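Chain by chain, the residues:
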Amino acid sequence: MNTTVKMDAPFARSLLDDAPRPIVGTPQGRVDGPRKVSGQARYAAEHFPDGLAHGVLLRAPVGKGRVTRFDAAAAEAMPGVLSVVTDPRLIRNGGDFAGAAAPVQGVEEIAYFGQPIGIVVAESFEQARAAALAVTIACEAQDGVFDMMAALETAEPPTDDIFGLFLIHTEQGDVDAAMHAAAATVDAVWTTPSQSHAAMEPHAAVAMWEGDRLTLDASYQSPVTSRDQLATVLGIAADKVRIRSPFVGGGFGGKLGLMPEAAAAAIAAQQIGRPVKIAMPRQTVFETTGRRPATHQRVRLGADQNGRLTAIAHETITDQLAGEVFFEPAGIATHLLYAGDNRMVDHKVVRVNKLLAVSMRAPGEAAGQLALECAIDELAERLELDPVELRLRNEPARHPELDIPFSSRALADCLRIGADRFGWASRNEVPGGMRDGEWLVGHGMAASARGNLFGPSNARVAIGADGRVLIETEMTDIGTGTYTVLSQIAADLLGVPIERIDVRLGDTDAPRSAGSGGSWGAATAGSAVYAACSKLRAILANSAGVPVESATLAEGMLVAGDVRRPLAKLVGDGLVAQGSVAPGASNERFSQAAYGAHFCEVRVHAVTGETRVARWNSVFAAGRILNTKTATSQAIGGVVFGIGAALTEELVHDARNGKLVNRDLGEYHVPAHADIPAIDVLFLDERDHAANPLMVKGVGELGTCGSGAALANAIYNATRIRVRDFPITLDKLLPNLPDPAH
Ligand code: MOS
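Residues numbered from 1 in each chain as written. Predicted model: local features only at pLDDT ≥ 70, side-chain atom pairs only at ≥ 80, totals over all residues. Heavy atoms only, no water.

## Quick word on the nonpolar core
Core analysis: the largest hydrophobic core is formed by 80 residues, its most contacted members being Trp 190, Leu 301, Leu 379 and Trp 616. Broken down by element, the residue count for this core peaks at nine residues, all from helix α8 (residues 365–383). Listed in part, the 56 residues of the second largest apolar core include Val 24, Phe 454, Tyr 483 and Val 485. (Core = buried A, V, L, I, M, F, W, Y, C linked by side-chain atoms within 4.5 Å. Buried < 20%, exposed > 50% of the residue type's maximum accessible area, 1.4 Å probe, protein only. Helix = DSSP H or I, 4+ residues; strand = E, 2+ residues; numbered from the N terminus.)

Pasting the structure below:
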């Protein structure tokens, strides 16, 4: 039995608000936690089928060119070597918005340094790795484009708007005229570098063929999307491929689309007739999966004397391989964050010979708000206005470009409450004016916004004769808490304790979901579980002979007036229902986004330029919060991502060939524990009636949006130095630090 919920109109009421003793909205520990800490949660690389062989990728030694000689004779003679595979189906990359389209292929043509061009398969990983070093690969190197900043004049509009989501170019009014007439203006360029997702779990795939059917244990955020891409690459029907990703050790977008290890394992396993594992070493993950693209962003702002914005223009340029659809939509939040009559947002792409650019946590907003929210801070300074007040004065009543209402928008509350929690009123108001010994102390803030996305999703929920509940969906848990929040939803809707609920995730044989991406996971998979549970409630009420509206389900009982029936009696031999959700008019009629505000204190060493983050408060409004513990964890992780972007994270490409210079966690600097202070996170109590029947919005990426800008603004406040070239490493501060003698 299937039941579909369509987002055609706002939901007046959610069944979640009727639960007598709700556990939705409370802090719940992860239901999968015990399996993880006891090593029973098996990740992709931890599968060892009988006859398993190991593959190592051979990779291009030039940044652009052609393979002219490939000699594997010596390698093939080495101990344990089973095969050296070159196959035109070996992909250079997956692309994450490619849908089921075939990822770009290439073995002879090299598009970037490190591109996979072959696979060495051996009895052991060590034998494969040793043999890989013995393969002779000769290439004819060609001139490539390895530096976006040196090729800005080649920037062109993206080829596709990717589902119409990103609004490549919008324009209204006359920005130039408004800039001329403005009382205060900002016109500057911000740049952000390539970054790596740096998920804890490296990419891995174990491929097994049975006849013409392939099973792949892999680590993907959206197994169905990856399955369809893999089937296209292999030239077989999608229903011949099964991908299982029950546990994913972090993704952040790096596991959203098919990556080279999956196609390589499948091709090699087919060739040798045995299961093959390809577990990427960390450096291979850095060099062959994906990166957040670099950006060049010009922001122009104009305001009248009262701090009302009259002009907003955000022109962005990012870099990407030729032929790829994805681009960094860095202007995406600029469409809706502030009021202002004269506006322009533009996106262009420079085609480069660098590792594939893909989505990375808050694609668009994360990089875009590093520029926009710093520009707003600069404007506030020119207007001699509190940056919180400037933002409050420019709160739009409706979407300023589309002229549609916001579904829910509590940015102003986030700003006011955040300022209060942080003690913004007693901040250092004079840039460079506060000092504690050798430390310059500064305070900064920024707003946060992340679009709320939705996609079709399905889930199956069964109640067994024993009263246990089983939830099945292809949806994944990438560390976000999916297992837990889906359990909570079913627990409240079916009146069953959370301990009696089992969840199976990450299998393409289960009902198709929207996967984990774009912060839409809880909303989509959760709504599908909601739909299935509503159906089950109707069946149960019918069996009890009562109207479903009058029935309450709690503690394994259905109660309606005088009627009290144990669930176990009503389910008989067991019940099952499938729930589906689909986008509808509500997604078009309302501008849906989650909002927040960050406030922080930094200390910059007056002699060394070292920046320490001292204090942090963030306030978010993202609709109903399903689990305050896992959501807070997401928010903190997001802020840490923003701190990394502001201070340390930068992929360095060799300007001669695009090769990644810092391709491991020793040289690519993500923040460590000692870099991060206690981060205070508050979620406001909000319901988004237009978003979905749960009334939730996404939280996974929200913390990343604006947080880096808050930090950059605090560094300015401490030092009087505006660094617009991220990350703000100490070499960029040192030349302009105040003389320590004074
Ligand atoms: Mo996300 S960057 O859609 O995993």
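## Re the pattern of salt bridges
Tallied over the entire structure, the rule returns 54 salt bridges. Residue Glu 395 pairs with Arg 409 through a salt bridge whose shortest N-O separation is 2.5 Å. Residue Glu 395 is located in the loop between α9 (387–393) and α10 (411–422), and its partner Arg 409 is located in the loop between α9 and α10; the two are separated by 14 residues in the primary sequence. As a salt-bridge pair, Arg 504 and Glu 472 come within 3.6 Å of each other at their nearest N and O atoms. Here Arg 504, found in strand β21 (residues 501–504), pairs with Glu 472, found in strand β20 (residues 469–472); they are 32 residues apart in sequence, far enough to count as distant. (Salt bridge = Lys/Arg side-chain N within 4 Å of Asp/Glu carboxyl O.)

## With respect to the pairing of β21
Across the two faces of β21 the burial differs, with Ile 501 and Val 503 buried and Asp 502 and Arg 504 not buried at all. In this region the chain leaves β20, passes through helix α11 (residues 482–494) and returns to the parallel neighbour β21; the handedness of that crossover is right-handed. (Right-handed = clockwise from strand over helix to strand, strands pointing away.)

## Focus: the side chain of Glu 261
Structurally, Glu 261 can be placed in helix α6 (residues 260–272). At 8.0 Å, Lys 255 is the nearest oppositely charged side chain to Glu 261, a buried residue that forms no salt bridge. At 2.6 Å, the side chain of Glu 261 forms a polar contact with the side chain of Tyr 220. (Lys, Arg positive; Asp, Glu negative; His and termini not counted. Polar contact = N/O pair within 3.5 Å; in protein donor to acceptor, adjacent residues only side chain to side chain.)

## Here we look at the packing of helix α15 (residues 628–647) against helix α16 (residues 707–719)
One way to put it is that α15 packs onto α16 with a least axis distance of 7 Å and a crossing angle of 50°. Here α15 is positioned oblique relative to α16, judged by the angle of their axes. The handedness of the crossing between α15 and α16 comes out as right-handed. Touching Gly 638, Val 639, Gly 642, Ile 643, Ala 646 and Leu 647 of α15 are Ser 707, Gly 708, Leu 711 and Ile 715, all from α16. Residue classes in the contact of α15 with α16 are distributed as six nonpolar, four polar and no charged. (Axes fitted to C-alpha atoms, helices over the stretch in contact; angles between N-to-C directions. Parallel < 35°, antiparallel > 145°, perpendicular 65-115°, else oblique. Left-handed = near helix turned anticlockwise from the far one by under 90°. Contact = heavy atoms within 4.5 Å. Nonpolar A, V, L, I, M, F, W, Y, C, P; charged D, E, K, R; others polar.)

## Things to note about the pairing of β20
Side chains Val 469 and Ile 471 of β20 all project onto a buried face; the interleaved residues Leu 470 and Glu 472 project onto the opposite face, where all are buried too. Where strand β19 (residues 457–464) and β20 come together, four bridges link them in antiparallel fashion. Counterpart to Arg 460 in the pairing with β20 is Glu 472. Taken together, β19 and the strand that follows it, β20, pair antiparallel across an intervening segment of four residues, in which Gly 467 is found at a positive phi of about 85°. (Pairing = 2+ DSSP bridges.)

## Observations regarding the packing of α11 against helix α12 (residues 521–544)
Where α11 contacts α12, the axes come no closer than 9 Å and their chain directions differ by 20°. By the angle class used here, α11 and α12 are roughly parallel. Like other packed secondary-structure pairs, α11 and α12 cross with a definite hand, here right-handed. Across from Leu 486, Ile 489, Ala 490, Asp 492, Leu 493 and Leu 494 in α11, the residues of α12 making contact are Ala 525, Gly 526, Val 529, Tyr 530, Cys 533, Leu 536 and Arg 537. Here the contact of α11 with α12 is built from residues that sort into 10 nonpolar, one polar and two charged.

## A look at the environment of Val 571
Mapped onto the secondary structure, Val 571 falls in helix α13 (residues 567–571). Not counting chain neighbours up to four residues away, the residues in contact with Val 571 comprise Ile 463, Gly 464, Ala 465 and Leu 540.

## Concerning α8
The terminal C-alpha atoms of α8, which comprises 19 residues, lie 25 Å apart, in line with the 27 Å expected from a rise of 1.5 Å per residue. Trailing α8 by a residue or two, Glu 384 shows a phi angle of about 55°, which is positive. (Expected span 1.5 Å × (residues − 1).)

## Thoughts on the sheet that holds strand β2 (residues 53–59)
Strand order across the open sheet formed by seven strands is β4-β6-β2-β13-β10-β11-β12, with mixed pairing between neighbours. With partners counted over all chains shown, the strands left at the sheet margins are β4 (81–85) and β12 (241–244), one partner each. Averaged over all neighbouring strand pairs, the angle between strand axes comes to 25°, with direction disregarded. Note that β2 and strand β13 (residues 276–279) share two bridges and pair parallel. Bridge pairing links His 54 to Lys 277 in β13. On the sheet, helix α5 (residues 223–234) packs against β10 (204–210), β11 (213–218) and β12 and is oriented at approximately 140° with respect to β12. The sheet strands contacting α6 are β2, β4, β6 (116–122), β10, β11 and β13, and the helix crosses β10 at an angle near 35°.

## Focus on the sheet that holds strand β18 (residues 439–451)
Strand order in the open sheet formed by five strands is β17-β18-β26-β27-β28, with mixed pairing between adjacent strands. The open sheet has two edge strands, β17 (435–436) and β28 (679–683), and neither has a second partner. Across five bridges, strand β27 (residues 611–621) lies against β28 in parallel orientation. Across the sheet, the residue bridging to Trp 616 is Ile 679, located in β28. Packed onto the sheet, α16 meets β18, β26 (593–605) and β27 and runs at close to 155° relative to β18.

## Quick word on unusual backbone geometry
Backbone phi values are negative for most residues with the exception of glycine, while trans is the configuration of most peptide bonds. Of the consecutive residues Phe 726 and Pro 727, the connecting peptide bond is found in the cis state with omega at 0°. Checked against the element boundaries, Pro 727 lands in the loop between α16 and α17 (730–733). Backbone geometry at Phe 252 places phi at a positive 60°, although glycine is not the residue there. Structurally, Phe 252 is set in the loop between β12 and α6. A residue is classified by how much of its surface remains accessible, and Phe 252, at 27% relative accessible area, is partly exposed.

## Remarks on the environment of Pro 677
Structurally, Pro 677 is set in the loop between α15 and β28. The spacing of Pro 677 and Pro 158 is 519 residues in sequence and 39 Å in space, taken between C-alpha atoms. Filtering out sequence-adjacent residues up to four positions away, Pro 677 remains in contact with Val 613, Ala 614 and Arg 615.

## Quick look at the side chain of His 197
Within the fold, His 197 resides in the loop between β9 (184–192) and β10. At 3.3 Å, the side chain of His 197 forms a polar contact with the backbone nitrogen of Gly 254. Only 2.8 Å separates the side chain of His 197 from the backbone oxygen of Ser 359, close enough to count as a polar contact.

## Some remarks on the state of the cysteines
In the structure shown here, the tally under the stated rule is zero disulfides. Cys 600 supplies the cysteine sulfur nearest to Cys 374, a cysteine that is in no disulfide, at a spacing of 11 Å. On the basis of relative accessibility, which here comes to 3%, the residue Cys 374 falls in the buried class. Given a relative accessible area of 0%, Cys 600 falls into the buried group. (Disulfide = S-S within 2.5 Å.)

These results come straight from atomic positions and should not be treated as a statement about function.
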